[in-house]
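# Structure assessment
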Amino acid sequence: MNQPNHHQIATYLIDYVLSELVKYVMEDTGCSIEDALERVYTSPLMPVIQDEEGELYVQSPAYLYELMGQLTSPSIVSSTRLPVMH
């Protein structure tokens, strides 16, 4: 059996994190899945989560959800000093 490569693992984890973020938005706001998807996919955090080299997708979805809520400006995302929980 072949072992998954880095890209396959990253894709799986990114998809998992995004699905959890959508669930959190729906639970916290009571919005529809469509609205939750829009909020997550238009968040300034989205490109950072999808960046396989940055590996932010390995953080817990709860942490990323909290971080997503704190980001109010796209300029924060472009910063090289995003907090990372270990």
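Criteria and cut-off values
- Residues numbered from 1 in each chain as written.
- Predicted model: local features only at pLDDT ≥ 70, side-chain atom pairs only at ≥ 80, totals over all residues.
- Heavy atoms only, no water.
- Core = buried A, V, L, I, M, F, W, Y, C linked by side-chain atoms within 4.5 Å.
- Buried < 20%, exposed > 50% of the residue type's maximum accessible area, 1.4 Å probe, protein only.
- Helix = DSSP H or I, 4+ residues; strand = E, 2+ residues; numbered from the N terminus.
- Contact = heavy atoms within 4.5 Å.

## Here's the deal with the nonpolar core
Leu18, Leu21, Val40, Leu45, Ile49 and Leu64 are the most contacted members of the largest nonpolar core, which totals 21 residues. Among the elements of the structure, α1 (6–29), α2 (33–41), α3 (46–50) and α4 (61–70) are those that each provide at least two residues to this core.

## Here's the deal with the environment of alanine 36
With respect to the secondary-structure elements, alanine 36 resides in helix α2. For the pair alanine 36 and valine 22, spaced 14 residues apart in sequence, the C-alpha to C-alpha distance is 5.3 Å. Ignoring any residue separated from it by four or fewer positions in sequence, one finds alanine 36 in contact with Val22, Val25, Met26 and Cys31.

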